[in-house]
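Coordinate analysis (summary)
These are the residues of each chain, in order.
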Amino acid sequence: MGCARAFGLDVSRLRRRFRSLQRALHPDYFTRRPQAERDLSQQHSALVNAAYQTLLRPLSRGLYLLELRGVTLAEGTDDDTDVEFLAEIMDISERLADPEDEASLQELESLIAAKQEQLIADVNQAFERDDLQEAKKLLAKMKYFANLEDKVKSKKIPS
């Protein structure tokens, strides 16, 4: 995608690069080409889409950067997560389970967004310091907030 291997990136530049690559590779532009070229176009277009989606979202971008360096998050383990943080997540989750009204749901959404923004800044600093273990811990926390964000979205969708 033409991006540096860094957590902090220019999203508008990423978007422009994505669009440029899609203009060059999208299968719609290869309809009159031989089958082999159409197949390659399809494969490369799919790879560009996957790369774009990975790099666009801070959580997936951070996890990908860790993976490139041989560091992975263990699934479903909370051994390294501090108790105070888990209590905060539980509190927000409980409040999300039965929000009092639309205003309280909006308040929770704002709180989650603010926590996500702070974590993004902290992850960026950890990567800049090349502190992969700190980045790993912060990304694990981001996963919790991403789950809470999904819960908020599901509450906002009319049933």
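Residues numbered from 1 in each chain as written. Predicted model: local features only at pLDDT ≥ 70, side-chain atom pairs only at ≥ 80, totals over all residues. Heavy atoms only, no water.

Under the annotation held in an unreviewed UniProt entry, the protein carries the name Iron-sulfur cluster co-chaperone protein HscB, mitochondrial and is attributed to Alligator mississippiensis. Its UniProt record gives the protein the following Sequence similarities (unreviewed entry) comment, quoted word for word: "Belongs to the HscB family." (UniProt positions renumbered as here; feature names shortened; annotations may be inferred.)

Some words on the UniProt feature "domain: Co-chaperone HscB C-terminal oligomerisation" (unreviewed entry) in the protein
Summarizing the sequence annotation, UniProt attributes the feature "domain: Co-chaperone HscB C-terminal oligomerisation" (unreviewed entry) to residues 82-153 in the numbering used throughout. The straight-line gap between the two end C-alpha atoms of residues 82-153 is 26 Å; of that span, 89% is helix and 0% is strand. (Helix = DSSP H or I, 4+ residues; strand = E, 2+ residues; numbered from the N terminus.)

What to know about the environment of Arg32
Here Arg32 lies in the loop between helix H1 (11-25) and helix H2 (35-56). Residue class for Arg32 comes out exposed when judged on its relative accessible area of 83%. The sequence separation of Arg32 and Phe7 amounts to 25 residues, and the corresponding C-alpha distance is 39 Å. (Buried < 20%, exposed > 50% of the residue type's maximum accessible area, 1.4 Å probe, protein only.)

Topic: H1
With 15 residues, H1 extends 21 Å between its outermost C-alpha atoms, agreeing within 8% with the 21 Å of an ideal straight helix rising 1.5 Å per residue. When H1 is considered as a whole, its buried residues turn out to be Leu14, Phe18, Leu21 and Gln22. Down the axis of H1, the smallest arc covering the buried residues is 100°, so these residues share one side. Its buried side turned inward, H1 meets H2. (Expected span 1.5 Å × (residues − 1). Arc of directions from axis to C-beta. Contact = heavy atoms within 4.5 Å.)

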